[in-house]
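Fold and contact review
Each chain is listed here by its residues.
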Amino acid sequence: MANPPKPLSPKQVERLNAPSTGTAIKWMSRIQTWIFKKSGGRFGDKFLRGAAVGILTTMGRKSGEPRDSPLLYLQEGRRIVLVASQGGRATDPMWYLNLKANPEVTFQTKGETLSLVARDATDAERDEYWPKLDAMYPDFVNYRSYTDRKIPIIICDPA
């Protein structure tokens, strides 16, 4: 049986949503992306508990410039499934806002780079994917308990 979510204290929620936490996430993401790209995915391709990491490239909705984000992913054939959890923070991540503005993305795994079109999962797809995503990375259960927002699941299919 799965462990129940670990509740956060009000102080922990405040720290999770603090601007300094967002800055830390941004810099850790930049470092992981650099390592992943420099090594061709030989390094930086795993996160905690061995969860697979790939690089999502979106177009900045304001800048029009490519933006890279290292993300946990579930791959089913040519489909990539992503979670816009941002560790359970109260706001959606910037990469998610970018792909909502322009759903044409690329996703680089250790072995290939895919051209994809992103969309939000339907409610039926959410019901199908949460158990698979939780099995892949059990902290997703905790992240959902940290926030009141409906954490998006994103389906990326070949363009």
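See the structure above.
Below is a short write-up of the structure. (Residues numbered from 1 in each chain as written. Predicted model: local features only at pLDDT ≥ 70, side-chain atom pairs only at ≥ 80, totals over all residues. Heavy atoms only, no water.)

1. Describing the sheet that holds strand S5 (residues 104-108)
- Pairing is antiparallel in the open sheet, where 7 strands are placed in the order S2-S1-S5-S6-S7-S4-S3. Since the sheet does not close on itself, it has two edges, and those belong to strand S2 (66-72) and strand S3 (74-76), each with one partner. Sheet twist, expressed as the average angle between the axes of neighbouring strands with direction ignored, equals 30°.
- Relative to S2, strand S1 (residues 53-59) is paired through 7 bridges, and the arrangement is antiparallel. Bridge pairing in S2 places threonine 57 opposite aspartate 68. (Pairing = 2+ DSSP bridges. Helix = DSSP H or I, 4+ residues; strand = E, 2+ residues; numbered from the N terminus. Axes fitted to C-alpha atoms, helices over the stretch in contact; angles between N-to-C directions.)

2. A short note on a nonpolar patch on the surface
- There is a patch of nonpolar side chains on the surface, built from Ile31, Trp34, Ile35 and Phe43 and spanning about 450 Å² of accessible area.
- Counting through the fold element by element, isoleucine 35 comes out in helix H2 (residues 19-38). (Patch = residues over 30% accessible without salt bridge, like charges linked within 9 Å, V, L, I, M, F, W, Y side chains within 5 Å. Areas by Shrake-Rupley, 256 points an atom, 1.4 Å probe, with all protein chains shown as cover. Salt bridge = Lys/Arg side-chain N within 4 Å of Asp/Glu carboxyl O.)

3. Concerning the packing of helix H4 (residues 123-136) against helix H5 (residues 139-146)
- At a closest axis distance of 7 Å, the pairing of H4 and H5 adopts a crossing angle of 115°. Only Phe140, Val141 and Arg144 of H5 make contact with H4, whose side of the interface consists of Trp130, Leu133, Asp134 and Met136.
- Grouping the amino acids of the contact of H4 with H5 by side-chain chemistry returns 5 nonpolar, no polar and 2 charged. (Contact = heavy atoms within 4.5 Å. Nonpolar A, V, L, I, M, F, W, Y, C, P; charged D, E, K, R; others polar.)

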